[in-house]
Amino acid sequence: MKQAFLMRCLFFFVGIIILAFGITLTIKGQIFGVGSWDVLHIGLAKSIGLTIGTWSILIGLAILAVDMIMRKKLPLPGTFLDMFLTGIFIDIFNYWLPDIEGFWMQLFAYITGLILLGWGCGMYMVANLGIGPRDTLMLLFVQKFGWSVMRSRTTMEVTVAILGFFLGGPVGLGTVLMAIGLGPIVQYALTVNDRLFTKWTGVKSSVI
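Parameters at a glance
Residues numbered from 1 in each chain as written. Predicted model: local features only at pLDDT ≥ 70, side-chain atom pairs only at ≥ 80, totals over all residues. Heavy atoms only, no water. Helix = DSSP H or I, 4+ residues; strand = E, 2+ residues; numbered from the N terminus. Rg over C-alpha atoms; globule rule 2.2 N^0.38 Å. Buried < 20%, exposed > 50% of the residue type's maximum accessible area, 1.4 Å probe, protein only. Contact = heavy atoms within 4.5 Å. Expected span 1.5 Å × (residues − 1). UniProt positions renumbered as here; feature names shortened; annotations may be inferred.

- If you check an unreviewed UniProt entry, the protein chain appears there as Membrane protein from Lysinibacillus contaminans.

If you want it as structure tokens, here you go:
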């Protein structure tokens, strides 16, 4: 049991680091556009100030506040850890990594970032210690309004992308590609990491 918990923690923290690194690479390759939520985070950073990672945390806190009011219960501790660690690591990597110039280098950064983002997401979810605030919001729409997951996700992504665009965030083909291509990457990462977790601990993660 102790080994399984330690392995969950390892998958959780390493997954979030990979996720944040992937997000940062897509930001560095932003001439192609970034994910919907990062359009909003970048737009807010440009319009108001503060860092992209800080806005990621603040938006996450606002979402969790709404979720707690609606559900009348606290999220899992991993949800808070996910929110804070992702925002912190985005800022760390954004500071460490140099700006990337040139079409092909930005394309490489974007594609690599997309793959790592999806892999990190699938990896931390296998730990089953709590999901991120944005996924919590999606599930809230599903439960409170009876919407499908697809409708909830699409409505959420389009709304924040439009809002972020008007605030100056970068919307492009990459934003659309993120919406279409991220799901299959996450699903593959979930399958592989679930298999690894089960092999190393003898316990199924129960995520998939």
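Having seen it, we continue.
1. Quick look at the overall build of the protein chain
- Broken down by element type, the protein chain carries eight helices and zero strands.
- The order of helices and strands in the protein chain, counted from the N terminus, is α-α-α-α-α-α-α-α.
- The C-alpha radius of gyration of the protein chain comes to 17 Å, within 12% of the 17 Å expected for a compact globule of 208 residues.
- For the protein chain, the proportion of its 208 residues judged to be buried stands at 48%.
- Considering only intrachain contacts with a sequence separation of at least 6, the fraction spanning at least 24 residues in the protein chain is 77%.

2. Observations concerning helix H2 (residues 36-47)
- Taking 1.5 Å per residue as the helical rise, H2 with its 12 residues ought to reach 16 Å, and the 17 Å between its terminal C-alpha atoms agrees with that figure.
- For H2, a buried count of 10 out of 12 residues is recorded, marking the element as mostly surrounded by other parts of the structure.
- Positive backbone phi, at 115°, marks Gly49, one or two positions downstream of H2.

3. A word on the UniProt feature "transmembrane region" (unreviewed entry) in the protein chain
- As annotated in UniProt, the feature "transmembrane region" (unreviewed entry) corresponds to residues 5-27, 47-66, 78-97, 103-127 and 160-190 in the numbering used here.
- Counted over residues 78-97, helix gives 95% and strand 0%. Its end C-alpha atoms are 27 Å apart.

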